[in-house]
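# Tertiary structure, described
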Amino acid sequence: MAHNETTPDEAQFDDLIARDERIEPRDWMPDAYRRTLVRQISQHAHSEIIGMQPEANWITRAPSLKRKAILMAKVQDEAGHGLYLYSAAQTLGATRDDMTEALIAGRARYSSIFNYPTPTWADMGAIGWLVDGAAICNQVPLCRASYGPYARAMVRICKEESFHQRQGFEILLELMRGTPAQQRMAQDAVDRWYWPALQMFGPPDDESPNSAQSMAWNIKRFSNDELRQRFVGMLVPQAEALGVTLPDPELRYDEANGCYAMSPIDWTEFHEVLAGRGPMNAERLRRRREAHENGAWVREAATAYAAKQATATREAA
Ligand code: BYC
């Protein structure tokens, strides 16, 4: 076959993408498309699972029974998101064991944001407001991603993220209506989480190796910088309503080009965190490994039960 000739499978794939329709697990797809999806979806799943840790740190210390119940529900939602996403990656042929092994061996990426500590209760507010807020901006367009199982998982995840964002906003609102010490605690948490939240959207567009191809495949619908701009635009009026200051003296809306002007983002810090040298990277992985080892008996029991069921089914047939 001539080098640039398209096979019928490829033509059908290209046609589905051109018509902005969904690719399903049964459909033929280029290897690179499959690999990109496994990469992004598994990273996303790992982020949800590691993302349980900074907040789990506060479950036993939440300031009231009601706050504890809400926080537990949120952390459980994140476990659920991880499971939907691992399942979506499995439809592409990735195995759960391989993905888990890559994570605990420190070979897999997960969002940079979860490598920062949560020293105060206000961090629960800042995570909900800023981290879940950034997640919503990034993930609502993913509900239209071209790969069906990923897009469908995102619909449910985004609904739950909206609740998470509101609960974070409400924690900060209550602190800002409290004593001067509570107000300072809220502002301090916002100061610490603001810049790492902006980094969640990934490197600037001209340094984002995956964006162009992912956008051509209708996986990503907006570039990293476009989503970062959209996020800042969402935060400005909400910060005003809360009475907190966003920690960027250069932040202002530029009427001329319709964008927010902002101070430069510290990409050195971002790359340090990605290289495993953030404040909490080692602790997050240590805790994940420990949880995996402690859960070995559950996996063994489930495997033994499945084998027993299979024998019973065979014998009944
Ligand atoms: N952290 O070419 P680029 C949550 C990597 S969980 C770490 O722009 P892409 C929540 C990137 O992977 C939220 N790594 O990549 C949970 C790539 O590395 P590789 C998680 C990052 O994929 C609990 C390299 O940098 N959300 O909401 O086109 C509690 C070059 O980047 C980061 C998702 O995962 C980062 N921040 O775009 C509360 C959303 N940024 O793989 C909340 C799904 C970039 O080439 N993912 N990298 O070695 C995405 O939308 C995209 O993957 C990204 C990056 C926008 C993150």
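Residues numbered from 1 in each chain as written. Predicted model: local features only at pLDDT ≥ 70, side-chain atom pairs only at ≥ 80, totals over all residues. Heavy atoms only, no water.

As annotated in an unreviewed UniProt entry, the protein carries the name 1,2-phenylacetyl-CoA epoxidase subunit A and is attributed to Agromyces atrinae.

### Observations regarding the packing of aromatic side chains
Any two aromatic rings considered together are summarised by their centre-to-centre distance and by the angle between their planes. Tallying each qualifying case throughout the model produces nine aromatic pairs. When the ring of F13 is compared with that of Y33, the centres are 5.0 Å apart and the planes differ by 75°; the resulting orientation is edge-to-face. Residue F13 is located in helix α1 (residues 8–18), and its partner Y33 is located in helix α2 (residues 31–50); the two are separated by 20 residues in the primary sequence. Aromatic side chains Y194 and W195 sit 5.1 Å apart centroid to centroid with 80° between the ring planes, which places their arrangement in the edge-to-face category. Given the relative accessible area of 0%, Y194 is considered buried. Connected via pairs of aromatic rings, a cluster forms that spans F13, W28, Y33 and W217. The ring of W58 is capped by R61, whose NZ or CZ atom sits 4.0 Å from the centre of that ring. Its end group placed over the ring of F222, R230 keeps NZ or CZ at 4.3 Å from the ring centre. (Phe/Tyr/Trp six-rings, centres within 6.5 Å; stacked < 30°, edge-to-face > 60°. Helix = DSSP H or I, 4+ residues; strand = E, 2+ residues; numbered from the N terminus. Buried < 20%, exposed > 50% of the residue type's maximum accessible area, 1.4 Å probe, protein only. Lys NZ or Arg CZ within 6 Å of the ring centre and 35° of its normal.)

### A word on the site of the ligand
Around the ligand there are 34 residues in total, and Q43, S112, S208, K220 and N224 lie nearest to it. In this structure, K220 approaches the ligand through a side-chain N or O atom, which is 2.6 Å from an oxygen atom. Between the ligand and the protein, one listed contact pairs an oxygen atom with a side-chain N or O atom of N224 at 2.8 Å. Protein chains bury 90% of the 1,000 Å² of accessible surface belonging to the ligand in isolation. Mapped onto the shell around the ligand, the elements with two or more residues apiece are α2, α6 (122–139), α7 (148–176) and α11 (267–274). Ranked by residues supplied to the shell around the ligand, first place goes to α2 with six residues. Here the residues of the shell around the ligand sort into 12 nonpolar, 14 polar and eight charged. (Near = heavy atom within 4 Å. Polar contact = N/O pair within 3.5 Å; in protein donor to acceptor, adjacent residues only side chain to side chain. Areas by Shrake-Rupley, 256 points an atom, 1.4 Å probe, with all protein chains shown as cover. Nonpolar A, V, L, I, M, F, W, Y, C, P; charged D, E, K, R; others polar.)

### A few points about helix α5 (residues 96–104)
Of the residues making up α5, those classed as buried are M99, T100, A102, L103 and I104. Buried-residue contacts for α5 involve α2, α4 (65–90) and α12 (281–294). Of the residues one or two after α5, G106 is the one with positive phi, at around 80°. (Contact = heavy atoms within 4.5 Å.)

### A look at the pattern of salt bridges
Per the stated rule, a full pass over the model turns up 18 salt bridges. A salt bridge links R26 to D27; the shortest N-O distance between them is 3.6 Å. Its relative accessible area of 72% is what places R26 among the exposed residues. Here D123 and R192 are joined by a salt bridge, their closest N and O atoms 2.9 Å apart. With a gap of 69 residues between them, D123 in helix α6 and R192 in helix α8 (residues 180–199) connect regions that are remote in the sequence. When its relative accessible area of 29% is taken as the criterion, R192 is described as partly exposed. Because the salt bridges share partners, they merge into one network encompassing E55, K74, E78 and D132. (Salt bridge = Lys/Arg side-chain N within 4 Å of Asp/Glu carboxyl O.)

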